[in-house]
Amino acid sequence: MTVFQQYGLLVAFFISTVGLVATLHLIARSLGRNRHEPGKDVPYTGGTLAPKPVWVRYHFHYYGFALLFLAFDMEMAFMYPWAVVYRELGIAALLDMGVFLAILFLGILYGWSQGALRRQ
Amino acid sequence: MEPGCSATTVREVREAPGGWRGLVARAMARSLTTFVVPDARMAREAGIDLAAAGLQPVATPRHASVLLVIGDVPPGLADAVTVVYAQMPRPRTVLALGTQMTGLLPAANITVPLNQKGLERGVAQVRARISSQPEASADDVFTAQVLDAADDDDGGMDKGEMHHHEGNDGEHGDEDDDATNPHAGHDMDDSAIDDGDGSMDHGDMDHDMMGGGGMSMVSMTQDLPRSPDGLPMEWSEVAFGPLFPGLPAGLASTLTLDGDTVVDALSSGAMDRAILSSLPGPVASFPDRLVAVDPLAPVAYRILAMKALANVNGASIFPPANVPWVAACERERAASHLGWLAGFGELLGYDWMAAQAAALHLALVRAPDISSIKAIRPDVDRFLRDMSRNPMLRLRLAGIGTLDPGSEASGPVARGSGKRGDARNDDHSSVEAGFYPIVQDAGDVLARFRVRLAEISLSLDMVAGAETLSLPDLSVQADFRGTGWAVVETPRGSATLQIDVQDGHVRTAHVDAPSAVHAKLVSQVVDQAELADALIGIASLDLSPWEMDG
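All values reported here derive from a predicted model rather than from experimental measurement. (Residues numbered from 1 in each chain as written. Chains lettered and ligands numbered in written order. Predicted model: local features only at pLDDT ≥ 70, side-chain atom pairs only at ≥ 80, totals over all residues. Heavy atoms only, no water.)

Draft legend 1. Quick look at the overall build of chain B. Across its full length, chain B holds 20 helices and 13 strands. Burial analysis of chain B (550 residues in total) assigns 52% to the buried set. Counting contacts in chain B only where the partners sit at least 6 residues apart, residues at least 24 apart contribute 69% of the total. (Helix = DSSP H or I, 4+ residues; strand = E, 2+ residues; numbered from the N terminus. Buried < 20%, exposed > 50% of the residue type's maximum accessible area, 1.4 Å probe, protein only. Contact = heavy atoms within 4.5 Å.)

Here's what the structure looks like:
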């Protein structure tokens, strides 16, 4: 592909993206403009008006899920290439992965002690 | 067109929008979602099947295109209806069943009688209205006084006593040159406040002002009491207002949250009808007036009125047979518990349970006689078996919302805490029909849940053994006078009535409703509970906001 063709492709992508966004915008506009009314954008709280602004700090409860995700997903990501070469590398590979899994297992044990495995 | 139903108002010639907009308008008219006021349970109590009429009830007005109003709106809910209507996106229609909505904002667009046929006619008119609706003109802006508070910027800041933000305006002024500060001076215009953005930028400002003093969480939460888990979190008061999905409509609850645990809660009835002052009057119509106190338990209150009148000076107004009362009362108890289960399932997020319970509730409410109740019995039994065996419910509901054993309570709330108290213990005809008190000891949400499940089964057994569901008529002597007292076990608990009758008129009537007593238990039930558990605990008390009027 010549350089000209490559740049041409890039320009075509750019124009299509802009065109898509413009089309969507025009479709939305054709269905009626937004009108600003009092109380329209206040979050629904069962019929009362929520105080504005609603700034409340939340406890980062889902750190338990983040921990479990790291423990399982990251270990899975490393185990995929390891699984390919594991047989020819023998016992050494098994022990190395075992150390890795043991470290991550400590993370799971900590999550368990903090209730990350509890059904909520 | 029958009299009593108004057609779509035609102000000028409406031409159906053609082309693209017409296509969209007709598509929007096809699937109608509705937000029900007061709530879907009241619709079922009136014998109305929303799905059969083509309406799908939704939990928030943001997903709704039809605002369905069932019966007269109590004065306390008028503001809530206005706010809810303002939060509905266009195209929106107000469909009023059995009420004219006089003096209320918004006015009803379509009015029909309160029955299934009326609803179906109303839905057809709604579809015609939506598919023929031209684009709303620029001056069609919905405003109301209660909504003006939403634009009050200072009000937002003043509410921040719990948020501890007052000292920070000066510091924000200095940070104007900060590239990541888009809300300099807390400039709130009419555009939507994106809660996610707000909290994220808040966090950014925290980083930028580490040494800035006022904004650090340590100094902000310094003087606040610490919860038992020791985490210093921000306190806030949140309203789970009158029209919250899953909680009974009209129950205005204010929860004080410490982060995401609930520290305290206050639940009050928002109906504001002053119904108790309308009770005195002629004796012949007194049962009808007492029934208006709680539309969720009309039979129980009618029986209460009749029993109190029968006890006045021992005058016997009614035929001696007591058994017909039992069948009607127990049918209402079973129906009430099924209706409660539907709302409880919605709050739990267990859609299958909510849908099944709602279908059974509607079938039981609509059943005209005892044989049709027997016909739906197998479905009810299967549902109750599935509910009592479900391990997920057991895990979810056990150990939360525990009540102190010494708390004053009645009905399933008391029987779930091990007390055998029940007004039917002393009622000879109930005991003959097979009544025995169903008691669980744990005092938590699961115990109350199990008590109600078992009571559905027992009540339907008692109905099956009876002869008729109708109540006897009331005939009054002219020189009727004295004081009377009665107690009846409503589905929620014991209700007592004390009346004083002179010359065929009820002079004073004093009602003690179970929900007024149980409302005081709310703070016990939510104490140090996570928000979801707290809401489940409040729902497990089965409060009726209609009874909680002053």
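Draft legend 2. Examining the sheet that holds strand β7 (residues 251-258) of chain B more closely. Strand order in the open sheet made by the four strands is β6-β7-β8-β13 (chain B), with antiparallel pairing throughout. Single-partner strands in this sheet number two, and they are β6 (235-240) and β13 (529-530) of chain B. (Pairing = 2+ DSSP bridges.)

Draft legend 3. Local environment of the pairing of strand β8 (residues 261-269) of chain B. Residue and element names in this part refer to chain B. With eight bridges joining them, β7 and β8 adopt antiparallel strand pairing. What sits directly across from Thr254, in β8, is Leu266. Between β7 and β8, which follow one another and run antiparallel, lie two residues, and Gly259 among them has a positive phi close to 75 degrees. Looking at chain direction, β8 and β13 are connected through two bridges and run antiparallel. Bridging across to β13, Val262 finds its partner in Ala529.

Draft legend 4. Spotlight on helix α3 (residues 91-113) of chain A. All names here are of chain A. End to end, α3 covers 32 Å across 23 residues, agreeing with the expected 33 Å (1.5 Å per residue, within 8%). Those residues of α3 lying buried are Ala93, Met97, Leu104, Ile108 and Gly111. Considering only its buried residues, α3 is in contact with α2 (63-89). At the exit of α3 stands Gly115, carrying a positive phi of roughly 85 degrees. (Expected span 1.5 Å × (residues − 1).)

Draft legend 5. Inspection of the environment of Glu408 of chain B at higher detail. Residues and elements named next belong to chain B. One can find Glu408 in the loop between α14 (391-397) and α15 (411-415). Overall, Glu408 belongs to the exposed group, its relative accessible area being 59%. Along the primary structure Glu408 and Ala86 are separated by 322 residues, whereas in three dimensions their C-alpha atoms are 41 Å apart. Non-local contacts of Glu408, meaning those with residues more than four positions away in its chain, are made with Val517 and Leu521.

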